Amino acid sequence: MTLAPKHQRLVLVLLAVAALVGAAVLAMWGLADRAAYFRTPQDVSAGRAEVGVPLRLGGMVKAGSIRREPDGVTVAFTLTDGVADVPVRYRGIVPDLFKENSGAIAEGQLGPDRRFTADNILAKHDERYMPPQMGNQAAELKTRETAK
Amino acid sequence: MIAEAGLAALWLAASLALLQFALSLLGNRIGELRTMVVPVAVAQGLLTLFSFVMLIWLFIRTDTSVQLVVANSHSAKPFIYRVAGTWGNHEGSMLLWVTVLTVAGALLALVERRLPEKSLRATLGAQALLALGFFGFLLVASNPYARLNPAPDNGQGLNPLLQDPGLAFHPPTLYLGYVGLSIAFSLAVGALVTREVGPAMARAMRPWVLGAWVLLTIGIVAGSYWAYYELGWGGWWFWDPVENASLMPWLATTALLHSINVLAARGSLRAWTIMLAVVAFSMSMIGTFLVRSGILTSVHSFAVDPTRGSFILGLLVFYTGGALLLFALRVSSVREGARFDPVSREGALVANNLLLSVILGTVFVGTLYPVLVEAVSGDKISVGPPYFNAVTGPIVLILAALLFIGPLLRWRKDSRPNLRRIAAPAIVTAVALAATFLDPAMGWLPRLGLAFAAGLGIASFLPLAGRNLRRTPLTIWGMVVSHLGIAVAMAGAAADSSLTRETLAAARPGEVLSVGPWTVRFVGVDPVGGPNWTAIEGHLVATRGDTSIRLDPQSRYFSNPATETTEAAITTRLDGQLYTVLGHREGDRWQLRLWWKPMVTLLWLGGALIALGGFLALIGRIRREKSRPTVFAEARA
């Protein structure tokens with residue numbers, strides 16, 4: 001089955017369009033399912049974060065909340081955005097820049113008990129790095145505190 | 001004086017670019033001007049190179065009267081990082097970009113003999129226009145030679161994460177690749193302008209695309225290995241926007257590389273190849289834009305400036321938009337290509353191109369979606385690995401399946417694909433798939449990945465079957481090696497995601513841990529010092545059978561700027577890597593994280609094979625083109 005040149009060109013164009021549409025549909029399907037990746041403690045308390053799917057939870061590490069467990073490698077702390085708090089548990093080595101009143105992002109899953117289990121903790125990468133989401137949160141927190 | 005010489009050279013080069021553009025416009029009318037385009041392109045390349053060398057010199061001397069040096073360097077840095085600091089910042093990396101762009105343009109002007117003169121002149125005109133935009137960007141918005149008065153005593157240093165041999169050479173490699181694509185772009189524009197889209201253009205473009213592809217591959221693989229050992233997370237691909245920024249041009253170039261072969265050998269896929277050449281370079285500009293604008297959340301956000309981002313966005317819109325407009329106006333005059341059967345080498349390459357385009361599309365959407373959402377609704381979201389793995393994983397598997405059969409098909413027609421030839425790889429795949437069920441907990445993606453990798457490992461050699469191996473052209477060897485590399489890398493990725501064993505503990509000196517087949521004894525810690533850092537170094541002795549290995553992971557402290565980094569200690573065995581990280585002190589214990597990663601080295605070995613295959617094909621092409629007497633005879637059906 002060899003197509004006439006004109007038809008062959010048409011078939012190729014149609015295939016290219018199909019590929020683009022396919023990519024768009026695939027991307028949209030993927031995004032609808034998984035784009036809600038970055039969440040704040042406020043989202044969690046308002047029920048806007050799904051349980052049991054991979055998420056990033058960003059917030060400030062609440063002062064006085066860091067507690068180390070006897071095994072020496074598990075740390076429990078609270079992430080806050082000034083509105084809501086979420087308890088987080090992480091088994092691993094926290095980054096050097098992970099400390100109280102500092103921004104951190106926990107990657108992991110929300111449990112049915114609204115506690116977050118992290119597989120990975122990202123803290124401020126270096127003195128110049130702050131994820132935009134965190135930057136805004138820090139600014140908001142400050143305004144809120146001054147308003148009080 | 002050095003800074004002034006560099007700046008003057010840059011201005012001169014910019015005016016030569018303007019002259020080159022003007023000459024390429026006038027060349028048709030004023031015959032004797034034609035011969036001037038080539039020397040102008042060469043002088044432009046040399047002047048820009050001179051300017052870049054001046055900047056390196058300033059960094060080597062740590063000249064603190066230059067703002068850029070102060071902000072990004074320090075005299076206490078080791079020599080190699082003072083040199084690498086030249087491009088470890090915005091201005092320097094943009095100067096490097098222009099340098100590569102103009103030097104590549106000069107090379108093209110010097111070596112290209114096969115293109116019709118009109119096309120070459122139009123191509124050099126397009127290249128000059130590209131260079132002009134980036135010269136303007138440097139001279140107006142990011143002068144690398146700006147002085148600082150009064151000069152401080154010393155510089156502020158370079159981000160310690162960047163003080164690593166892998167990273168010192170990673171950006172230039174990627175840039176060489178990005179900018180090599182500018183030649184493909186200019187050739188496409190030149191061919192559209194002169195309506196000379198055909199095999200001659202494809203043959204002129206192919207070595208540049210091959211070269212750019214090899215460098216992009218090396219850059220991506222090196223960047224991935226850097227992230228793996230330097231960040232200390234044990235991961236090798238994070239779907240970080242900056243990683244995507246290098247992956248997207250690679251995907252487009254991979255597609256281009258395959259379609260260009262169809263055009264060069266068979267004269268088909270003309271418009272599609274032109275389109276891909278435009279898309280590939282646009283992707284490399286989008287990459288630059290994403291990295292430089294800082295509009296995306298990224299661990300690489302150390303080089304961020306929104307105003308500059310909008311400048312690059314402007315250039316991006318101008319060049320890509322201009323090229324697409326030209327494409328739309330001229331596409332009807334692009335001659336139709338030779339016909340082919342759906343089941344043929346061409347058909348398989350079309351399928352390859354479509355699948356790569358789908359992957360590119362989904363990565364593109366996922367990377368830019370957060371920007372779009374924020375612009376529309378103000379919401380800040382981030383798209384992460386769950387999305388990218390889910391949408392790209394299955395398509396990569398389909399592409400791998402296509403690789404079993406595609407290279408075996410004949411050009412133009414193959415109504416009866418010889419299925420007997422893929423019997424062996426098919427059996428290997430089935431057996432490997434069955435074997436993965438020994439580990440019932442394994443996910444489907446790694447399971448299929450391992451099985452396909454095993455089969456493809458065999459299938460990739462099939463194009464050599466029945467050939468005299470010594471007479472087989474290098475280009476065939478290149479294809480075989482690259483496709484084998486895909487199989488090897490797939491095996492590494494699947495193994496890493498499914499077979500890794502991890503142990504995490506806080507240990508006292510003398511304590512013994514185990515991970516996978518290894519027994520690891522924690523001996524203790526010592527303070528150590530380097531040229532501009534101090535560290536706590538852990539001492540581990542790992543044993544398996546008769547082998548005993550010492551590992552010394554470190555936790556480093558830099559003072560300029562004050563930062564802490566983790567230096568993992570990794571030992572490479574034939575069957576995998578033992579990866580150890582020293583964490584924090586907990587009373588009298590130290591946190592230790594140990595990974596046993598079977599077969600993970602295959603990942604980078606595969607990447608290296610992919611690049612090596614491209615390199616072999618490049619050598620083969622250059623040799624062949626040299627011995628090819630006539631070039632305008634187009635292959636016909």
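Residues numbered from 1 in each chain as written. Chains lettered and ligands numbered in written order. Predicted model: local features only at pLDDT ≥ 70, side-chain atom pairs only at ≥ 80, totals over all residues. Heavy atoms only, no water.

Taking an unreviewed UniProt entry as the reference, chain B is identified by name as Cytochrome c-type biogenesis protein CycK belonging to Sphingomonas astaxanthinifaciens DSM 22298. For the record of chain B, the UniProt heading Sequence similarities (unreviewed entry) holds the text "Belongs to the CcmF/CycK/Ccl1/NrfE/CcsA family." (UniProt positions renumbered as here; feature names shortened; annotations may be inferred.)

As recorded in an unreviewed UniProt entry, chain A goes by Cytochrome c-type biogenesis protein CcmE and comes from Sphingomonas astaxanthinifaciens DSM 22298. Within the UniProt record for chain A, the comment given under Function (unreviewed entry) is "Heme chaperone required for the biogenesis of c-type cytochromes. Transiently binds heme delivered by CcmC and transfers the heme to apo-cytochromes in a process facilitated by CcmF and CcmH."

Kindly report on unusual backbone geometry, identifying the contributing residues and their values.
Residue and element names in this part refer to chain B. The backbone phi angle of Trp239 is positive, close to 55 degrees, even though this residue is not glycine. Tracing the chain through its elements places Trp239 in the loop between α8 (199–230) and α9 (241–266). Since its relative accessible area comes to 11%, Trp239 is described here as buried. (Helix = DSSP H or I, 4+ residues; strand = E, 2+ residues; numbered from the N terminus. Buried < 20%, exposed > 50% of the residue type's maximum accessible area, 1.4 Å probe, protein only.)

Run through the side chain of Thr580 of chain B, naming residues and quoting values.
By the secondary structure assignment, Thr580 of chain B is in strand β9 (residues 576–586). Setting aside residues up to four positions removed in sequence, Thr580 of chain B forms contacts with Leu540, Leu551, Pro553, Ala568, Ala569, Arg593 and Leu594 of chain B. (Contact = heavy atoms within 4.5 Å.)

Which residues make up the packing of aromatic side chains, and what values do they have?
Residue and element names in this part refer to chain B. A complete count under the given rule lists 23 aromatic pairs over all chains for this structure. Consider the rings of Trp97 and Tyr175, whose centres lie 5.7 Å apart with planes at 90 degrees: the pair is edge-to-face. Of this pair, Trp97 sits in helix α5 (residues 90–111) while Tyr175 is found in helix α7 (residues 165–194), placing the two residues 78 residues apart along the sequence. Assigned by exposure class, Trp97 and Tyr175 land together as buried. With centroids separated by 4.7 Å and ring planes inclined at 10 degrees, the aromatic side chains of Trp239 and Phe388 adopt a geometry described as stacked. Linking Trp239 in the loop between α8 and α9 with Phe388 in helix α13 (residues 385–405), this pair joins segments that are 149 residues apart in sequence. Aromatic rings pair up to connect Trp97, Phe134, Tyr175, Tyr178, Phe185, Phe281, Phe318 and Tyr319 into one cluster. In this structure, Arg447 is placed above the aromatic ring of Phe437, and the distance from its NZ or CZ to the ring centre is 4.0 Å. We note Arg556 situated over the ring of Trp533; from NZ or CZ to the ring centre the distance is 3.7 Å. (Phe/Tyr/Trp six-rings, centres within 6.5 Å; stacked < 30°, edge-to-face > 60°. Lys NZ or Arg CZ within 6 Å of the ring centre and 35° of its normal.)

Can you tell me about helix α16 (residues 474–499) of chain B, naming the residues and giving the values?
Between its terminal C-alpha atoms α16 of chain B stretches 36 Å, which fits the 38 Å expected from 26 residues at 1.5 Å a residue. For α16 of chain B, a buried count of 20 out of 26 residues is recorded, marking the element as mostly surrounded by other parts of the structure. (Expected span 1.5 Å × (residues − 1).)

Before we move on, could you go through the confidence of the model for chain B and cite the residues and values that matter?
In this model, chain B carries an average pLDDT of 85, and 91% of its residues clear a pLDDT of 70 or more. Note that pLDDT drops below 50 for residues 297–304 of chain B; the model gives that stretch 24 contacts with residues more than four away or on any other chain. (pLDDT = per-residue confidence, 0-100.)

I'd like a rundown of α8 of chain B, residues and numbers included.
Residue and element names in this part refer to chain B. In a regular helix each residue adds 1.5 Å, so 32 residues correspond to 46 Å; α8 covers 45 Å between its end C-alpha atoms and thus fits that length. Most pronounced at Met205, the bend in α8 amounts to some 35 degrees, and the proline Pro207 follows within four residues. Among the 32 residues of α8, 27 are classified as buried, and the element is accordingly described as predominantly covered. Of the residues trailing α8, Gly232 is marked for its positive phi of about 75 degrees. (Bend = angle between axes of the 7 residues up to and from the residue.)

Which residues make up the pairing of strand β6 (residues 103–110) of chain A, and what values go with them?
Consecutive side chains of a regular strand alternate in pointing toward one face of the sheet and then the other. All names here are of chain A. Burial runs high along β6: seven of the eight residues are buried. Direction of pairing for strand β2 (residues 54–61) relative to β6: antiparallel, over a ladder of seven bridges. The residue of β6 that forms the bridge with Gly59 is Ala104. One ladder, built from seven bridges, connects β6 with strand β7 (residues 116–123); its direction is antiparallel. Residue Ala106 lies in a different strand from β7, and its bridge partner there is Ile121. Connecting β6 to the antiparallel partner β7 that follows it, the hairpin turn spans five residues, and Arg114 within it adopts a positive phi of roughly 65 degrees. (Pairing = 2+ DSSP bridges.)

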